[in-house]
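# Structure assessment
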Amino acid sequence: MARLAQTTGLTDVQQEIVATVRDFVDKEILPVATALEHRDEYPQEIVDGLKELGLFGLMIPEEYGGLGESLLTYALCVEEIARGWMSVSGIINTHFIVAYMLKQHGTQEQKDHFLPRMATGEVRGAFSMSEPALGSDVSAITSKAVKDGDSYVLNGQKMWLTNGGTSTLVAVLVRSDEGHPEGTAPHKSMTTFLVEKEPGFGEVRPGLTIPGKIDKMGYKGVDTTELIMDGLRIPADRVLGGVTGRGFYQMMDGVEVGRVNVAARGCGVAQRAFELGVRYAQQRHTFGKPIAQHQAIQFKLAEMATKVEAAHAMMVNAARKKDSGERNDLEAGMAKYLASEYCKEVVEDAFRIHGGYGFSKEYEIERLYREAPMLLIGEGTAEIQKMIIGRRLLEEYRFQG
Ligand SMILES: Cc1cc2nc3c(=O)[nH]c(=O)nc-3n(C[C@H](O)[C@H](O)[C@H](O)COP(=O)(O)OP(=O)(O)OC[C@H]3O[C@@H](n4cnc5c(N)ncnc54)[C@H](O)[C@@H]3O)c2cc1C
């Protein structure tokens, strides 16, 4: 039977990894996801299982104890995990972005210090750009680092840290004026600091407080927090890459692979919504036949499946482009935009197919309905993706009049 979202050209190793993750999702995630989500409970057993599978080190090079896999392998695993429960993919994603930023931009000492323990999941990453007054406009960051001897003193408030409580390493983007005089372009006076901390809430390191979990509409189970820096002292060797003023570019590089990840999540959630919709449509009868036999419902299923297929193809294309070493901001932006919009639409159609039962917490689609909107916002809103796509198109198609 033709199944949706197949990927051609995978190696045997890739096929085996993705099949293992799919099996784990079917056996360990799907049966418990909705109950855990309703209780807003952290999925510790699932996280332990993913650690055992080596998922936390999937893209970390083998020399640091990881599996050294590609972005495509990673994205396909994320797609499977999000099909089971999107929150679990969120637990891995910020970790993956921080590990990627370390791999790409860290000093040798920073890689040696963090990557082996990140590969095992002993050190867990979060990343922090957003502040209460900004998300899209990263250049408006007000949190600040001031040099003081061999260290920096950080002050300011951050917002929306996925894994803010459970992580032990946060990549924090702040403004740093040292060596960057007044008038320097905002994105050239920002620095990423590698901030180690205890997991949990309250004062997790002198000068660093994680107040508590933000209560959210969906995307439950995974903790999302604020972060308050009040005289937080960080040694100079914890500046990512060892040089100040490069933070904006490092973060944007991380977010770019993160966009492929969010696209993959959209694909996974949409696939699950399709599965739920197509199953229910064959079980529910109205006017003497299964609702799947009414053309209006069949057309809905056809549209949903087409969207699942298109989003998957764009996501795979964006991942492969990055893996080939090419710039992929256009493809990642398009994939993130399309997959998140299609995901919301497919989930909504599956919800409609469920009729009144879709509104009941007993049905899984209710959870998906509250999860899909997060993908429209995280890793850059639809408007921000369209700005990136538009700018790149004008570069590529510059009018030579
Ligand atoms: C559950 C969750 C988890 C998150 N996790 C993290 C995390 O781990 N780390 C982190 O740093 N951040 C995280 N974020 C923050 C997220 O990245 C931001 O919410 C997102 O970038 C949007 O920023 P904002 O909320 O400030 O919206 P705003 O930037 O205030 O935008 C508000 C609206 O205006 C639109 N808009 C803004 N600028 C323009 C423009 N120039 N043209 C047209 N329209 C525009 C936006 O598209 C949006 O519709 C998370 C958010 C959520 C909800």
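A quick note: this is a predicted structure, and the numbers were derived from the prediction, not measured.

Conventions we followed
Residues numbered from 1 in each chain as written. Predicted model: local features only at pLDDT ≥ 70, side-chain atom pairs only at ≥ 80, totals over all residues. Heavy atoms only, no water. Core = buried A, V, L, I, M, F, W, Y, C linked by side-chain atoms within 4.5 Å. Buried < 20%, exposed > 50% of the residue type's maximum accessible area, 1.4 Å probe, protein only. Helix = DSSP H or I, 4+ residues; strand = E, 2+ residues; numbered from the N terminus. Domains from an automatic or database assignment. Contact = heavy atoms within 4.5 Å. Buried area = accessible area lost by both parts, 1.4 Å probe. Salt bridge = Lys/Arg side-chain N within 4 Å of Asp/Glu carboxyl O. Polar contact = N/O pair within 3.5 Å; in protein donor to acceptor, adjacent residues only side chain to side chain. UniProt positions renumbered as here; feature names shortened; annotations may be inferred. Pairing = 2+ DSSP bridges.

### Thoughts on the nonpolar core
One finds Ile29, Leu50, Ile81, Leu102 and Met118 to be the most contacted residues of the largest nonpolar core, which totals 102 residues. With 16 residues, helix H6 (residues 247–283) is the largest single contributor of residues to this core. Membership of the second largest hydrophobic core comes to 18 residues, among which are Tyr152, Leu208, Ile210 and Met229.

### Re unusual backbone geometry
Unlike most non-glycine residues, Tyr219 shows phi in positive territory, near 55°. Relative to the elements of secondary structure, Tyr219 occurs in the loop between strand S7 (208–210) and strand S8 (224–235). Take Tyr219: its relative accessible area is 5%, and that puts it in the buried class. The backbone phi angle of Glu379 is positive, close to 60°, even though this residue is not glycine. Its place among the elements puts Glu379 in the loop between helix H9 (364–377) and helix H10 (382–396).

### Let's talk about the domain arrangement of the protein
When cut into domains, the protein gives domain 1 (12–119), domain 2 (125–245) and domain 3 (249–396). On a C-alpha basis, the centroid separation for the pair domain 1 and domain 3 is 20 Å. Listed per partner, the contact involves 29 residues of domain 1 and 32 residues of domain 3. Both sides of the domain 1 and domain 3 interface together cover about 2600 Å² of buried area, and 61% of this is carbon and sulfur. Among the residues domain 1 hides against domain 3, the three largest losses belong to Leu71, Glu79 and Met86. Together they make up 24% of the total. At the surface where domain 1 touches domain 3, the tally comes to 2 salt bridges. Seen at the junction of domain 1 and domain 3, the total is 15 residue pairs in polar contact (both at pLDDT 80 or more).

### Side note on the UniProt feature "domain: Acyl-CoA dehydrogenase/oxidase N-terminal" (unreviewed entry) in the protein
If you check UniProt for "domain: Acyl-CoA dehydrogenase/oxidase N-terminal" (unreviewed entry), the listed places come out as residues 11–122 in our numbering. In residues 11–122, helix accounts for 75% and strand for 0%; the two terminal C-alpha atoms are 29 Å from one another.

### Describing the pairing of strand S4 (residues 169–176)
Within S4, 8 of the 8 residues are buried, leaving the element largely enclosed by the surrounding structure. Burial along S4 is two-sided: Leu169, Ala171, Leu173 and Arg175 facing one way and Val170, Val172, Val174 and Ser176 facing the other are all buried. Both strand S1 (residues 125–128) and S4 contribute to a ladder of 4 bridges, which runs parallel. Counted as the bridge partner of Gly125 is Leu169 from S4. For strand S2 (residues 144–148) and S4, the ladder comprises 2 bridges, and the chain directions are parallel. Paired with Ala145 across the strands is Ser176, a residue of S4. The pairing of S4 with strand S5 (residues 190–196) spans 7 bridges and is antiparallel.

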